[in-house]
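Observations on the model geometry
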Amino acid sequence: MPKLKPEELESRHREIVDAARRCFLRNGFHQTTTDDICREASITPGGLYHYFRGKEDVITAVIKASAEEAVARLSELAEDSANTRSSIRALAGSFTDSMRDSEIDSLTRLDVDVWAESLRNEKLAEITKYGWAVRRDWLRELIQNARDEGVYAPEVDPKGLANLIMSMWIGLRLGRLLWGEEFNPEATMQALFLMHSGR
């Protein structure tokens, strides 16, 4: 097997992670086998084990990649905004858009699978906690900037508000999954924005 350049190794690693995510979204976390991942990534089992020690390492890579991608998207939104206030508006718009996304239910199902497994697997619990902490820390920093600029009152605790918003976001996704057609994304997000603005 020819020696690959570092960028080629990174690209192949990424392809395997993306293939695994597609499998997990399609079949669920427990039902997906390493053979499924190999087929999806067009790689042999030996090739897979060149990059990962096993399925748990692949799951860890998927969780890390998802968190990093989420923060990259959020950061891009913030950078495209004129100031912190418009960054918060852009974030709210992103939340609303994602609640309309047909893929959100599959992502939520995968998260529920991972959370359930995390109750029994300490290593997976740590990486899951890391994945959500990365998102929450980004949000905490945005809220801190908003407080410093007078968008939020001085008594607002950035970490507390970030925790609340993240918890509500997870709850909204679960509500959409559980209630199906009875869950109206527009009405729900409108209620959230009214509550956030004190109305």
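The following refers to the structure shown.

Comments concerning the state of the cysteines
Under the defined criterion, the tally for this structure stands at zero disulfides. Unpaired in this structure, Cys-23 has its nearest cysteine sulfur neighbour in Cys-38, at a distance of 9.4 Å.

Focus: the packing of helix α1 (residues 6-27) against helix α2 (residues 34-41)
As a packed pair, α1 and α2 sit with axes 8 Å apart at the nearest point and diverge in direction by 120 degrees. Classed by the angle they form, the pair α1 and α2 counts as oblique. The handedness of the crossing between α1 and α2 is right-handed. Residues Arg-12, Ile-16, Ala-19, Ala-20, Arg-22, Cys-23, Phe-24, Arg-26 and Asn-27 of α1 pack against Asp-36, Ile-37, Glu-40 and Ala-41 of α2. Taken together, the residues of the contact of α1 with α2 break down into seven nonpolar, one polar and five charged.

Some thoughts on unusual backbone geometry
Not every positive phi belongs to a glycine, and Ser-42 is a case in point at roughly 55 degrees. Note that Ser-42 resides in the loop between α2 and α3 (45-51).

Observations regarding the packing of aromatic side chains
In this description, an aromatic ring pair is defined by two values, namely the gap between the centres and the angle between the planes. Here the structure, examined in full by the defined rule, presents three aromatic pairs. Summarising the aromatic geometry, the rings of Trp-115 and Trp-132 are spaced 6.2 Å apart at their centres and angled 50 degrees between planes, so their arrangement reads as tilted. Taken as a pair, Trp-115 in helix α6 (residues 104-118) and Trp-132 in helix α7 (residues 122-148) lie far apart in primary sequence, 17 residues in all. You can call Trp-115 partly exposed: its relative accessible area is 23%.

Some thoughts on the pattern of salt bridges
One pass over the full model with this rule turns up 14 salt bridges. With its nearest N and O atoms 3.8 Å apart, the salt bridge here joins Lys-123 to Glu-56. On the criterion of sequence distance, the pair formed by Lys-123 in helix α7 and Glu-56 in helix α4 (residues 55-80) is long-range, its members being 67 residues apart. The exposure class assigned to Lys-123 is partly exposed, which follows from its relative accessible area of 38%. The class of Glu-56 is partly exposed, set by a relative accessible area of 33%. Between Glu-117 and Arg-120 there is a salt bridge, and its shortest N-O distance comes to 3.2 Å.

About the cut-offs
- Residues numbered from 1 in each chain as written.
- Predicted model: local features only at pLDDT ≥ 70, side-chain atom pairs only at ≥ 80, totals over all residues.
- Heavy atoms only, no water.
- Disulfide = S-S within 2.5 Å.
- Axes fitted to C-alpha atoms, helices over the stretch in contact; angles between N-to-C directions.
- Helix = DSSP H or I, 4+ residues; strand = E, 2+ residues; numbered from the N terminus.
- Parallel < 35°, antiparallel > 145°, perpendicular 65-115°, else oblique.
- Left-handed = near helix turned anticlockwise from the far one by under 90°.
- Contact = heavy atoms within 4.5 Å.
- Nonpolar A, V, L, I, M, F, W, Y, C, P; charged D, E, K, R; others polar.
- Phe/Tyr/Trp six-rings, centres within 6.5 Å; stacked < 30°, edge-to-face > 60°.
- Buried < 20%, exposed > 50% of the residue type's maximum accessible area, 1.4 Å probe, protein only.
- Salt bridge = Lys/Arg side-chain N within 4 Å of Asp/Glu carboxyl O.

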